[in-house]
Structure formats: structure tokens, C-alpha cells
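Spelled out, the chains give:
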Amino acid sequence: MNGKNSVEVIWRKRATRALALVFLLGILISTTGLCSAAEVWSDNFDDCNCEGWTIDSCSAADGTLRSLSTGGFACRESSITEGTWSFDLELKEYVSGPELGFEMGAVTPTVFFMSTHPEETPWYFYSVYSTLVYTQTGTKPILEIRKNNANGGGAFTTWVKLASYDLEEDDFGWKHIDVARTAGGQITVWLNGTMVMQAVDNEISTSEYFVFMANEDMAIDNIVLDDVPRFAGITVELLAVGAVVSLVIVASILWVWRRRG
Ligand SMILES: [Ca+2]
């Protein structure tokens, strides 16, 4: 083996070790996050009251937070911008029409997991919005990640859709939803444990309230907020770390080659 080849072998070994380190670092970051998760607040409404909430046309009489009329809403102070929001949401089929305000969209159960106060203008939010489409054979529920449009004030007229997911036809009823948002603005949504939507958005970086809005007789339950984002595979932060480490490795190799040349 000549000198050039042996140096190449050494560098190949070092590159392999560096890649292994990056991989281990990723695993370490993700598992550290999972282990140090801490609940910020939760409510299962089993005490049948809405203590801690500001409500308008909502009730917890049946052990869930249920809207009593079209456009009922409930909000609770919540400043979490990085973490996991988990809840059960009741998706229901309903007859739509202009008289029910369907065109405005104000009738479907929506969770504004990061939000300013809904009565302030402009209203800044990220939300998980549920809607439905009528097909030839039935009705299909749809979930969307939405945010406000900075140029407008209303949640249902000036929103921006970041991602959407079609459920199976007629798949209504209670759904368990987890939403995670990382410091890098990556939003991931799981439906009954399966990842269904992902988007990256950094426009909104603060939150004052967690807000629930729904049509009459639709509900939310078992809300748990955690200050650590549920792990969603390769996050934007991990990609950034990987890119920086890769750049350092490549730069080091080039530097050594130049010195040798
Ligand atoms: Ca309950």
C-alpha cells in the first residue's frame, strides 16, 4: 500500500466515524426530547365544568367541551409555541347550506393550538381545521393545517392552508389528534397515531390562547399540552445540524488535501 492510498483509507475511516457520530447525535437529540417531556396543562372535562376557560355557548355538562350553537367557542390562556398538543375531536357529518354559514366555514370543529384572542384584529393563529366534501356516494371529512393571512383579520375568510388530509368516506366520529411544533416551525399532525400532515412555517412565533370553535353539538375532550414536540422523524433542526456537520467534514477534507498537495 503506498502513502496516498493509506491516507485515503485513514480519511475514509474518519468520515465513517463522523457519519456515525452525526447519526448518534440525531438519536440522542430525539430520545432526550422524548424523555424530558413535561405536561404544561390538561383538561378532560370529567368534572363537568369549564374552569380556566372563557366560553361562549359551550358546556362541559357531558364530560366533554361541547359547543351549544353554531360558532360556539372556548379559549384558555396558553403560550406554548414549541411542544405537543393532543386532543380528541368529534367530527360529525352535517347538512350544509348558506343558512348554516357553511360558506364562511364557521361551523366545523377547529382547534387553534397557537392563537391570539379570537376577538382581536388581526387574529394570528395556527389551527387544525376540519371540513368535509360531498362526493357522489357520501361525505368525506378533511383535516387541514391553517394559519391566518397577515393581510386579513378573520379566521375563516383570510386563512392560508399549509397542508390537508382526506379521511375515508363517512369516517366521522371521535378522532385522536396529536399536533407537534418544533422550534424550527415544523408542524406535524397525527390522526389516531398515524402521521398525516406536515408543514414548516415560521411566521407566527408567539401564542396567547388555545381556542376551540365548533358547530352546535360538536365537542373536544382529553386535551393535553406538553412542552416537547413529539418526535416526527427527521426534523428541520436535525437536517440543519446534519448539513452543518457535513459541511465541516467536507471543508476539513478539502483543507487537508490542499495542504498535502
Ligand atoms: Ca372527558
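It should be noted that the structure appears before, not after, this text.
Enquirer: Sorry if this is basic, but what is going on with the pattern of salt bridges here?
Expert: A complete count under the given rule lists eleven salt bridges for this structure. Among the ionic pairs, Glu 90 bridges to Arg 66, the shortest N-O distance being 2.9 Å. Of this pair, Glu 90 sits in strand 6 (residues 83–91) while Arg 66 sits in strand 4 (residues 65–67); the two residues are 24 residues apart in sequence, bridging distant segments of the chain. Taking the shortest distance from any N to any O, the salt bridge between Asp 217 and Lys 92 comes out at 2.9 Å. Taken as a pair, Asp 217 in the loop between strand 14 (209–214) and strand 15 (219–226) and Lys 92 in the loop between strand 6 and strand 7 (110–115) lie far apart in primary sequence, 125 residues in all. Note on Asp 217: relative accessible area 36%, which makes it partly exposed. Each of Asp 62, Arg 66, Glu 90, Lys 92 and Asp 217 takes part in a single network of salt bridges with overlapping partners.

Enquirer: How do you make sense of the coordination of the calcium ion when you look at a structure like this?
Expert: For a metal with four tetrahedral donors the ideal donor-metal-donor angle is 109.5 degrees, whereas six octahedral donors ideally subtend 90 or 180 degrees. Protein-derived coordination of the calcium ion comes from Asn 44 (O), Asp 46 (OD), Gly 63 (O), Asp 221 (OD) and Asp 221 (OD), at a distance range of 2.3 to 2.7 Å. Every donor residue of the calcium ion comes from the same chain, spaced as N-x1-D-x16-G-x157-D. Residue classification places Asn 44 among the partly exposed residues on the basis of a relative accessible area of 34%. For Asp 46, a relative accessible area of 53% puts it in the exposed group.

Enquirer: In this structure, what is going on with empty space enclosed by the protein? I would like to understand it.
Expert: Taking a probe equal in size to a water molecule and rolling it over the atoms shows the remaining empty space. Applying the stated criterion across every chain, the model contains two cavities of 30 Å³ or more. The calculated volume of the largest cavity comes to roughly 50 Å³. The wall of the largest cavity is formed by Leu 91, Lys 92, Tyr 94, Thr 108, Pro 109, Ser 130, Thr 131, Leu 132, Pro 141 and Phe 172. For the lining of the largest cavity, the leading source of residues is strand 8 (residues 125–134), giving three residues. Split by residue class, the lining of the largest cavity holds six nonpolar, three polar and one charged.

Enquirer: In this structure, what is going on with the packing of aromatic side chains? I would like to understand it.
Expert: Think of a pair of aromatic rings as described by two things: how far the centres are apart, and how the planes are tilted against each other in angle. In total, this model carries ten aromatic pairs according to the counting rule given. On the numbers, 5.7 Å between centres and 85 degrees between planes, the contact of Trp 41 with Trp 53 is edge-to-face. Here Trp 41 is found in strand 1 (residues 39–43), whereas its partner Trp 53 is found in the loop between strand 1 and strand 2 (54–56), with twelve residues between them in sequence. When its relative accessible area of 8% is taken as the criterion, Trp 41 is described as buried. Taking the relative accessible area as the measure of exposure, Trp 53 reaches 9% and is therefore buried. Ring centres of Phe 112 and Trp 123 lie 4.7 Å apart, and the angle between their planes is 35 degrees; this geometry places the pair in the tilted category. Here Phe 112, found in strand 7, pairs with Trp 123, found in the loop between strand 7 and strand 8; they are eleven residues apart in sequence, far enough to count as distant. An aromatic cluster is present here, built from Trp 41, Phe 45, Trp 53, Phe 87 and Phe 210 joined pairwise through their rings.

Cut-offs and rules
For every chain, the first residue of the written sequence is number 1, and numbering continues from 1 onward in sequence order. Confidence filtering applies because this is a predicted model: local features only for residues at pLDDT of at least 70, side-chain atom pairs given and counted only at 80 or more, and all residues used for totals across whole chains, interfaces and linings. Heavy atoms from the whole structure form the basis of all side-chain values; hydrogens and water molecules are not counted. Salt bridges are defined as contacts in which a side-chain nitrogen from Lys or Arg sits within 4 Å of a carboxyl oxygen from Asp or Glu. Working definition: helices are DSSP H or I runs of at least four residues, strands are E runs of at least two. Numbering for both runs from the N terminus. Partly exposed describes any residue whose relative accessible area lies between the buried limit of under 20% and the exposed limit of over 50%, with all areas from a 1.4 Å probe on protein chains only and scaled to the type maximum. In this description, a donor is an N, O or S atom within 2.8 Å of the metal centre, a cutoff extended to 3.2 Å for sodium, potassium and calcium. Water is not part of the atom list, which can make sites seem incomplete. Cavity: a set of points on a 1 Å grid over the protein atoms alone where a 1.4 Å probe fits but cannot get out. Pocket: an open set with protein on both sides within 12 Å along at least five of seven lines, its lining residues, like those of a cavity, having an atom within 4 Å of a point. Grid points are joined across faces, edges and corners, and a volume is the space filled by probe spheres set on the points. Three residue categories are used. Nonpolar comprises Ala, Val, Leu, Ile, Met, Phe, Trp, Tyr, Cys and Pro, charged comprises Asp, Glu, Lys and Arg, and polar comprises the others, including Gly. Centres within 6.5 Å are what make two rings of Phe, Tyr or Trp a pair, Trp counting through its six-membered ring; a difference in plane orientation under 30 degrees is then read as stacked, over 60 as edge-to-face, and the rest as tilted.

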